[in-house]
Amino acid sequence: KPQNMDEVPKISVEDKKEEEDTTDNKNTEQDNNNNSNNNNENNFLDTPKLSDYGFLRASQEGDVCHICLEIYEDPRQLECCHSFCKECIIYMKKERDSEKKPGTREAYIPCPLCTKETILDINDTELKSLNVDEELEEVSNKIRELSKDQDNESNKLLEEKLNSFNQIVVPRNIKLLQEFDAAIGKNGLTFIPPFHIGMITYGVMEGNNSEDDMHLTNWHAIIIGPQESPIGQIIYTYEIVVPDDYPKAPPEVYFVEPKILMNCVDDTGKVDLSKIEKVDLQTLNYQTGMIEKTTGEFYKWDPSQNIADVLVAIRENMHLSYVCGPSEYLGGSYR
């Protein structure tokens, strides 16, 4: 205790006012915190939930039927209000029908979840006495549609990956070295289909330009006309130039001699690959060696193909009757 009144601390008016302001600030801060918590709770309540989209019921029942473990198909409610696929309940009913006593017209179906029994007439084969669980059926259909969309999306992604894999372009020098080995038949390798074996030969042209030889730029080829056709005994020679951006760009093919009448060959002998008409060899008349009609489609180059594919497309186009007949006595040379 203070010994006298002089030792008692004195509180000034300013100190008292400062203390009141501090108390007011604390109360205001507490009120703000309470308001913030209330706002958070309100925001949480406003957040969309699965039930807003109709999925709460499916979560309560289980996303799949408890019997077949598949998405619900035509769900029916038992007396206990648990639902199962119609076919699953029919299966359970048949099992109970086999166990019922003779003369009994009722089947007792125990619920697999709660064991409560539902009474069904033995003649009610379509479960008409059971209510359709429309709410669960709607939710199941939504889930099934979502699964289908996800499958389609997965298939689309897989297709894109496969397409990207197919678009991988082999470097020019590696691809040409492979074609060089196939052209000379190294280790039995060939890119010529059996139908054209012996009728198409090709290889690197030997020239004075050693740089071109090193880059395998200039090639030559020989094609024998379709057998039994009017040009079946004619040997056609070609020159082929492989561009620097091969195989993204196709090889340039030129007829040398003799001349030929084809829609894909211009006056200089250059072949327009996009005008090579496709044919169906199954329609080939083996007696005449000719084909009367095209498939209506045209050859299309892509980087996975090679020089041999172009030569094969040209020779198959030569089977057309409008080519074989008029070209028989042309002769001459483009060079």
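Everything discussed here concerns the structure shown above.
Fair warning: this is a prediction, and the values are worked out from it, not measured in the lab.

A. Structural view of helix H5 (residues 172-183). Between its terminal C-alpha atoms H5 stretches 16 Å, which fits the 16 Å expected from 12 residues at 1.5 Å a residue. Among the residues of H5, Arg172, Lys175, Leu176, Glu179 and Ala182 are the ones counted as buried. Summarising the axial view, the buried residues of H5 lie within an arc of 115 degrees, below the 170-degree limit, and thus occupy one face. Of the residues flanking the end of H5, it is glycine 185, one or two places downstream, whose phi is positive at about 70 degrees.

B. The arrangement of the side chain of aspartate 124 in detail. Its location among the elements puts aspartate 124 in the loop between strand E4 (117-121) and helix H4 (134-166). Lysine 128 provides the closest opposite charge to the buried, unpaired aspartate 124, separated from it by 6.7 Å. Separated by 2.7 Å, the side chains of aspartate 124 and serine 129 make a polar contact.

C. The nonpolar core, seen in detail. If you look at the biggest cluster of nonpolar residues, it comprises 44 residues, and the most contacted ones within it are Phe255 and Ile314. Among the secondary structure elements, those contributing two or more residues to this core are H5, strand E5 (200-204), strand E6 (218-224), strand E7 (235-241), strand E8 (252-257), helix H7 (307-317) and helix H8 (321-327). It is H7 that contributes the most residues to this core, 7 residues altogether. Cys88, Ile90, Cys111 and Leu127 belong to the second-largest nonpolar core, a separate cluster that totals 17 residues.

D. Region of interest: the state of the cysteines. What the rule picks out here adds up to 0 disulfides. Cysteine 68 takes part in no disulfide bond, and the closest cysteine sulfur to it belongs to cysteine 88, at a distance of 3.7 Å.

E. Here's a closer look at unusual backbone geometry. Geometrically, the link from tyrosine 246 to proline 247 is a cis peptide bond, its omega value of 10 degrees lying close to zero. Of note, proline 247 is situated in the loop between E7 and E8. Between glutamate 257 and the following residue, proline 258, the backbone shows a cis peptide bond with an omega angle of -15 degrees. Position of proline 258 among the secondary structure elements: in the loop between E8 and H7. Positive phi values are uncommon outside glycine, yet asparagine 187 reaches one of about 55 degrees. Residue position: asparagine 187 is located in the loop between H5 and E5. Look at asparagine 187 and you get exposed, because its relative accessible area is 77%.

F. Region of interest: the packing of aromatic side chains. Counted under the stated rule, the structure contains 4 aromatic pairs. When the ring of tyrosine 202 is compared with that of tryptophan 219, the centres are 6.1 Å apart and the planes differ by 25 degrees; the resulting orientation is stacked. Placement of tyrosine 202 in strand E5 and of tryptophan 219 in strand E6 is noted, with a sequence separation of 17 residues between them. Judged on exposure class, the residue tyrosine 202 and its partner tryptophan 219 are both buried. When the ring of tyrosine 238 is compared with that of phenylalanine 255, the centres are 4.4 Å apart and the planes differ by 55 degrees; the resulting orientation is tilted. Pair noted here: tyrosine 238 is in strand E7 and phenylalanine 255 is in strand E8, with a separation of 17 residues, a long-range link. One aromatic cluster in this structure is built from Tyr236, Tyr238 and Phe255. Between lysine 259 and the ring centre of tyrosine 334, over which it is positioned, the NZ or CZ distance is 5.7 Å.

G. Local environment of the pairing of strand E3 (residues 106-110). Across the two faces of E3 the burial differs, with Ala107 and Ile109 buried and Glu106, Tyr108 and Pro110 not buried at all. Here 5 bridges tie E3 to E4, and the two strands are oriented antiparallel to one another. Within the sheet, the bridge partner assigned to glutamate 106 lies in E4 and is aspartate 121.

H. Highlighting the side chain of glutamate 316. Positionally, glutamate 316 belongs in helix H7. Despite its burial, glutamate 316 pairs with no opposite charge, the nearest such side chain being arginine 315 at 7.6 Å. Sequence-distant contacts of glutamate 316, defined by excluding residues within four places in its chain, comprise His196, Val279 and Leu281.

I. Broad picture of the pattern of salt bridges. Applying the stated criterion to the full structure yields 4 salt bridges. Here arginine 76 and aspartate 74 are joined by a salt bridge, their closest N and O atoms 3.3 Å apart. With a closest N to O distance of 4.0 Å, lysine 142 and glutamate 138 form a salt bridge. Of this pair, lysine 142 and glutamate 138 both sit in helix H4, 4 residues apart, roughly one helical turn. According to the relative accessible area criterion, glutamate 138 is partly exposed, its value standing at 48%.

What counts, and where the lines are drawn
Residues numbered from 1 in each chain as written. Predicted model: local features only at pLDDT ≥ 70, side-chain atom pairs only at ≥ 80, totals over all residues. Heavy atoms only, no water. Helix = DSSP H or I, 4+ residues; strand = E, 2+ residues; numbered from the N terminus. Expected span 1.5 Å × (residues − 1). Buried < 20%, exposed > 50% of the residue type's maximum accessible area, 1.4 Å probe, protein only. Arc of directions from axis to C-beta. Lys, Arg positive; Asp, Glu negative; His and termini not counted. Salt bridge = Lys/Arg side-chain N within 4 Å of Asp/Glu carboxyl O. Polar contact = N/O pair within 3.5 Å; in protein donor to acceptor, adjacent residues only side chain to side chain. Core = buried A, V, L, I, M, F, W, Y, C linked by side-chain atoms within 4.5 Å. Disulfide = S-S within 2.5 Å. Phe/Tyr/Trp six-rings, centres within 6.5 Å; stacked < 30°, edge-to-face > 60°. Lys NZ or Arg CZ within 6 Å of the ring centre and 35° of its normal. Pairing = 2+ DSSP bridges. Contact = heavy atoms within 4.5 Å.

Read these as layout, nothing more, since geometry by itself doesn't imply function.
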